[in-house]
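Listed below, chain by chain, are the residues.
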Amino acid sequence: MGHEETDRILDLLHSLKTGHAILLVEHDMDAVFRIAETITVMVNGTAIASGTPTQIRANAEVRTAYLGEDTQDNAKETPPCTH
């Protein structure tokens, strides 16, 4: 969806939140952070983190999985090329 469509959908979802639980599966993280109160992040079908948008933004495992950032505790070595 384009930016305007996303804004309209988020406005609609926000209006429905009162008194209703909504499950949203979305890959546009800006949209998710704008609407969600609780976020569960999944990688390969496994939940790796759950919390508020602030907690998810700060989660090192989420950043590693989705932004490719390595932390010192779980830095990965790239295997040598065998071609």
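Residues numbered from 1 in each chain as written. Predicted model: local features only at pLDDT ≥ 70, side-chain atom pairs only at ≥ 80, totals over all residues. Heavy atoms only, no water.

(A) Main features of the overall build of the protein chain. The helix and strand inventory of the protein chain stands at 4 helices and 2 strands. The N-to-C order of helical and strand elements in the protein chain reads α-α-β-β-α-α. A total of 83 residues make up the protein chain; the buried ones form 19% of that total. Excluding contacts between residues fewer than 6 apart, the proportion of contacts in the protein chain whose partners are at least 24 apart in sequence is 12%. Of the roughly 6,800 Å² that the protein chain leaves accessible, carbon and sulfur atoms contribute 53%. (Helix = DSSP H or I, 4+ residues; strand = E, 2+ residues; numbered from the N terminus. Buried < 20%, exposed > 50% of the residue type's maximum accessible area, 1.4 Å probe, protein only. Contact = heavy atoms within 4.5 Å. Areas by Shrake-Rupley, 256 points an atom, 1.4 Å probe, with all protein chains shown as cover.)

(B) Quick peek at the layout of surface pockets. Taken as a whole, the largest pocket holds about 880 Å³ of empty space. Along its surface, the largest pocket is lined by 27 residues, and Leu 24, Glu 26, Val 32, Ile 39 and Thr 40 are the ones closest to its centre. In the lining of the largest pocket, the residues fall into 18 nonpolar, 4 polar and 5 charged. (1 Å grid on protein atoms, 1.4 Å probe; cavity = no way out; pocket = protein on both sides within 12 Å on 5 of 7 lines; lining within 4 Å. Points joined across faces, edges and corners; volume = space filled by probe spheres on them. Nonpolar A, V, L, I, M, F, W, Y, C, P; charged D, E, K, R; others polar.)

(C) Quick peek at a nonpolar patch on the surface. Taken together, Met 1, Ile 9, Leu 12, Leu 16, Ile 22 and Leu 24 make up a surface patch of nonpolar side chains, about 540 Å² in accessible area. Inspection of the secondary structure puts Met 1 in the segment before α1 (3–16). On the basis of relative accessibility, which here comes to 67%, the residue Met 1 falls in the exposed class. (Patch = residues over 30% accessible without salt bridge, like charges linked within 9 Å, V, L, I, M, F, W, Y side chains within 5 Å. Salt bridge = Lys/Arg side-chain N within 4 Å of Asp/Glu carboxyl O.)

(D) Quick peek at helix α4 (residues 60–67). At the N-terminal boundary of α4, the capping side chain belongs to Asn 59, with an oxygen 2.8 Å from the backbone nitrogen of Glu 61. Directly after α4, the chain includes Gly 68, whose backbone phi takes a positive value near 75 degrees. (Polar contact = N/O pair within 3.5 Å; in protein donor to acceptor, adjacent residues only side chain to side chain.)

(E) How the structure looks around unusual backbone geometry. At Asn 44, a residue that is not glycine, the phi angle is positive and equals roughly 50 degrees. Summarising the element assignment, Asn 44 is placed in the loop between β1 (39–43) and β2 (46–51).

(F) Region of the structure containing the side chain of Thr 6. For Thr 6, the position within the fold is in helix α1. Assessed through its relative accessible area of 9%, Thr 6 is described here as buried. Dropping the residues within four chain positions of it, Thr 6 is found in contact with Met 1, Asp 28 and Ala 31.

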